[in-house]
Amino acid sequence: MKLIKYISCLWLVFAMSVAQASANGLLGIDGEQATTVGVYIKDLRSGEVICDYNSEMALTPASVMKAVTTASVLSIVGSDFRFSTPVELRGVAASGSTWCGDLVIRSSGDPTIESENFKTNLGFCDSICASLRRMGISEIEGAIVVEQSLRDAGPVAQWEVEDIAWPYGAGLYGLNYRDNTCVVYPLTGVTRPEVPGLKVTVKDGGDSNDLLRGVGSYDLTVYARNMTNKKWSVATTVPNPSEVLVAQLTARLRSAGISVGSKSIRRPDAKVHMVYNHRSPLSAEIMHSLMVRSDNLFAEGMLRTLAPDAGRDKAIKREKDLWTNRGIDASYALIFDGSGLARGNRLQPRFIAEMLEWMAESPRSQAYVSFFPKAGLDGTLRSFLAKSPLKGKIALKTGSMNAVQCYAGYKLDDNDCPTHVVVVMVNGFFCKRAEVKKSVEDLLSRTFL
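Let us look at the structure shown here. (Residues numbered from 1 in each chain as written. Predicted model: local features only at pLDDT ≥ 70, side-chain atom pairs only at ≥ 80, totals over all residues. Heavy atoms only, no water.)

1. Focus on the overall build of the chain
Next, step 1: Counting secondary structure elements, the chain contains 11 helices and 17 strands.
Next, step 2: Taken along the three principal axes of its C-alpha coordinates, the chain extends 95 × 55 × 35 Å.
Next, step 3: Counting over 449 residues, the chain shows a buried share of 53%.
Next, step 4: Considering only contacts within the chain whose residues lie at least 6 apart along the sequence, 68% involve residues at least 24 apart.
Next, step 5: Positive and negative side-chain charges of the chain, numbering 51 and 47 respectively, have mean locations separated by a distance of 3 Å. (Helix = DSSP H or I, 4+ residues; strand = E, 2+ residues; numbered from the N terminus. Buried < 20%, exposed > 50% of the residue type's maximum accessible area, 1.4 Å probe, protein only. Contact = heavy atoms within 4.5 Å. Lys, Arg positive; Asp, Glu negative; His and termini not counted. Charge placed at Lys NZ, Arg CZ, Asp CG, Glu CD.)

2. Quick word on the nonpolar core
Next, step 1: In this structure, Trp323, Ile352, Leu356, Tyr368 and Tyr410 are the most contacted members of the largest nonpolar core, which totals 54 residues.
Next, step 2: Counting 38 residues, the second largest nonpolar core, distinct from the first, contains Leu175, Cys182, Leu245 and Tyr276. (Core = buried A, V, L, I, M, F, W, Y, C linked by side-chain atoms within 4.5 Å.)

3. What about the packing of aromatic side chains?
Aromatic ring pairs are described here by two measures, namely the spacing of the ring centres and the angle between the planes.
Next, step 1: Tallied over the entire structure, the rule returns nine aromatic pairs.
Next, step 2: With centroids separated by 5.6 Å and ring planes inclined at 75°, the aromatic side chains of Phe372 and Tyr410 adopt a geometry described as edge-to-face. In this pair, Phe372 is assigned in the loop between helix 10 (365-370) and strand 15 (394-401) and Tyr410 in strand 16 (residues 404-412), connecting sequence segments 38 residues apart. Neither Phe372 nor Tyr410 differs from the other in exposure class; each is buried.
Next, step 3: Taken together through their ring pairs, the aromatic side chains of Tyr368, Phe371, Phe372 and Tyr410 make up a single cluster.
Next, step 4: Sitting above the plane of the Trp323 ring, Arg326 keeps its charged end 4.9 Å from the centroid. (Phe/Tyr/Trp six-rings, centres within 6.5 Å; stacked < 30°, edge-to-face > 60°. Lys NZ or Arg CZ within 6 Å of the ring centre and 35° of its normal.)

4. Thoughts on the environment of Thr228
Next, step 1: Within the secondary structure, Thr228 is located in the loop between strand 11 (219-224) and strand 12 (234-237).
Next, step 2: Sequence-wise, Thr228 and Val161 are 67 residues apart; in three dimensions their C-alpha atoms are separated by 28 Å.

5. Brief notes about helix 2 (residues 65-76)
Each full turn of the α-helix corresponds to 3.6 residues, which orients residues three or four apart in the same direction.
Next, step 1: With 12 residues, helix 2 extends 17 Å from end C-alpha to end C-alpha; this agrees with the ideal 16 Å at 1.5 Å per step.
Next, step 2: A large share of helix 2 lies buried, amounting to 10 of its 12 residues.
Next, step 3: Taken residue by residue, helix 2 has Met65, Lys66, Ala67, Val68, Thr69, Thr70, Ala71, Ser72, Val73 and Leu74 as its buried positions.
Next, step 4: Buried residues belonging to helix 2 abut helix 6 (283-293), helix 7 (296-303), helix 8 (312-325), helix 9 (349-360), helix 10 and strand 15. (Expected span 1.5 Å × (residues − 1).)

6. Examining the sheet that holds strand 17 (residues 418-427)
Next, step 1: A sheet is described by the order of its strands in space; here five strands give the open sequence 2-1-17-16-15, paired in antiparallel fashion. Two strands close off the open sheet at either side, each with one partner strand: strand 2 (49-53) and strand 15. Strand-to-strand twist of the sheet, defined as the mean angle between neighbouring strand axes without regard to direction, takes the value 10°.
Next, step 2: Bridging between strand 16 and strand 17 involves nine bridges; their strand directions are antiparallel. Counterpart to Ala408 in the pairing with strand 17 is Val423.
Next, step 3: Helix-sheet contacts for helix 9 involve strand 1 (36-43), strand 2, strand 16 and strand 17, and the interaxial angle to strand 17 is about 160°. (Pairing = 2+ DSSP bridges. Axes fitted to C-alpha atoms, helices over the stretch in contact; angles between N-to-C directions.)

7. Brief notes about the sheet that holds strand 8 (residues 190-192)
Next, step 1: Taken in spatial order, the three strands line up as 8-7-12 in an open sheet, and their pairing is antiparallel. Pairing within the sheet leaves two strands with one partner each, and these edge strands are strand 8 and strand 12. Between one strand and the next, the sheet's axes are offset by a mean angle of 35°, whatever the strand orientation.

8. Points about the pairing of strand 2
Next, step 1: Where strand 1 lies against strand 2, four bridges are found, and the strand directions are antiparallel. Looking at the pairing, Lys42 lines up with Val49 of strand 2.

9. Examining the side chain of Asp179
Next, step 1: With respect to the secondary-structure elements, Asp179 resides in the loop between helix 4 (161-164) and strand 7 (181-185).
Next, step 2: As a buried residue without a salt bridge, Asp179 has its nearest oppositely charged side chain in Arg293, at a separation of 6.1 Å.
Next, step 3: A polar side-chain atom of Asp179 sits 2.7 Å from a polar atom in the side chain of Ser115.
Next, step 4: If we skip the residues at most four places from it in the chain, Asp179 touches Ile113, Ser115, Glu116, Asn117, Ala170, Leu297 and Phe298. (Salt bridge = Lys/Arg side-chain N within 4 Å of Asp/Glu carboxyl O. Polar contact = N/O pair within 3.5 Å; in protein donor to acceptor, adjacent residues only side chain to side chain.)

10. Observations concerning the side chain of Ser439
Next, step 1: Tracing the backbone shows Ser439 in helix 11 (residues 433-448).
Next, step 2: Within the local environment of Ser439, its side chain forms a polar contact with the backbone oxygen of Val436, the two atoms lying 2.6 Å apart.
Next, step 3: For Ser439, the residues in contact, after removing those within four places along its chain, are Leu27 and Ile29.

11. Details of the packing of helix 3 (residues 124-134) against helix 5 (residues 241-255)
Next, step 1: Packing of helix 3 against helix 5 leaves a shortest axis separation of 10 Å and a crossing angle of 45°. With respect to helix 5, the element helix 3 is oriented oblique. Of the two elements, helix 3 crosses helix 5, and the hand of that crossing is right-handed. Facing helix 3, whose interface residues are Phe124, Cys125, Asp126, Ile128, Cys129 and Leu132, helix 5 presents Leu245, Leu249, Arg252 and Leu253.
Next, step 2: The residue makeup of the contact of helix 3 with helix 5, split by class, is eight nonpolar, no polar and two charged. (Parallel < 35°, antiparallel > 145°, perpendicular 65-115°, else oblique. Left-handed = near helix turned anticlockwise from the far one by under 90°. Nonpolar A, V, L, I, M, F, W, Y, C, P; charged D, E, K, R; others polar.)

12. Quick word on the environment of Gln248
Next, step 1: Among the secondary structure elements, Gln248 is positioned in helix 5.
Next, step 2: Residues Gln248 and Pro193 lie 55 residues apart in sequence; the distance between their C-alpha atoms is 7.5 Å.
Next, step 3: Among all residues touching Gln248, those that are not within four sequence positions of it are Tyr177, Arg178, Pro193 and Glu194.

Here it is, written out as structure tokens:
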């Protein structure tokens, strides 16, 4: 009985402190009266809602959207899906080692081909070369043809043009190669890998560096601080990844003693011979990578697995229908992409929390929870709560963009099982981002310690 009274007193003190915080501003950040804050924290074991503050407000989630994308993909597609990219010879065998026809790459929207984030899965071009040599092919009279069936390819229409040239703004194409990025040396115009047709213009950037390239444009403008260092380089996106791959594969084939033409040869009597079938890492591995590193390209690739033969809108509709059918109200969820880079996205803290709760109680709970970075240990949470007893006990997806800082995930027990859902969303803040992060750390410390 004394223990029950003691716990009741503790809860009363906490409830009063939350009420007082709500009156003065829940987070206590500068300018909070003009800032939109949404918080929802729930104990999964008791069912008790510990904090509900503006949870019905539709807010910009930024990369917290990735938590919704991965939950949807894990539910519908599963954890062991792999993208497949077949490479074929189409045509007929000519005399000797000559092939009269094309080398055809049938792309499937795999975002991981030659990605630096999966180093054990590299070797796409080398595998094609090795297979052709085993087949005795030394000349392909036709061209390298890339077949792309992905609808709505490229950067999402709702993304800001200022984001497109930066690596985080790489759009998803039917064929994706080397994270759809390159390294450019602005003062020499050299790119690695080679990007056919890319024109680089350098302008004085004053005190900062910046990049600007329109959607589909081959004109890249680099605003540089240092106009003299020829070794200075910057990573940027490419306008057409398939062209980069074709250039790289052509060079690799020739170095292996295999010549290839530049014009496609289509024959009515063409036969098809499989050269190589590239397989991506497991979808679970891709989703873990995109959550920990907050990779936008991978997130867009996974979203499209929800409707591989249709456009982005169909994939998003299937996602929203999934949660509606599970009894979670998605009426006020505005979703334009899978990554959260679109500024127009809107999600309610309660919607995210209910989705998290559903996943925590599902048969896929262990897999899903493992995708989230842990406080003080992983990815974007490496410095968050790093010196707190909560280190490793809070698993959250972060989301940040201009005046937006959001968190969504779980409190974990000693066995890494979720005990609470946690959603904190801050939009339109006026203070420094570090102050918001510190205030969220303090809120979680007050709640769980």
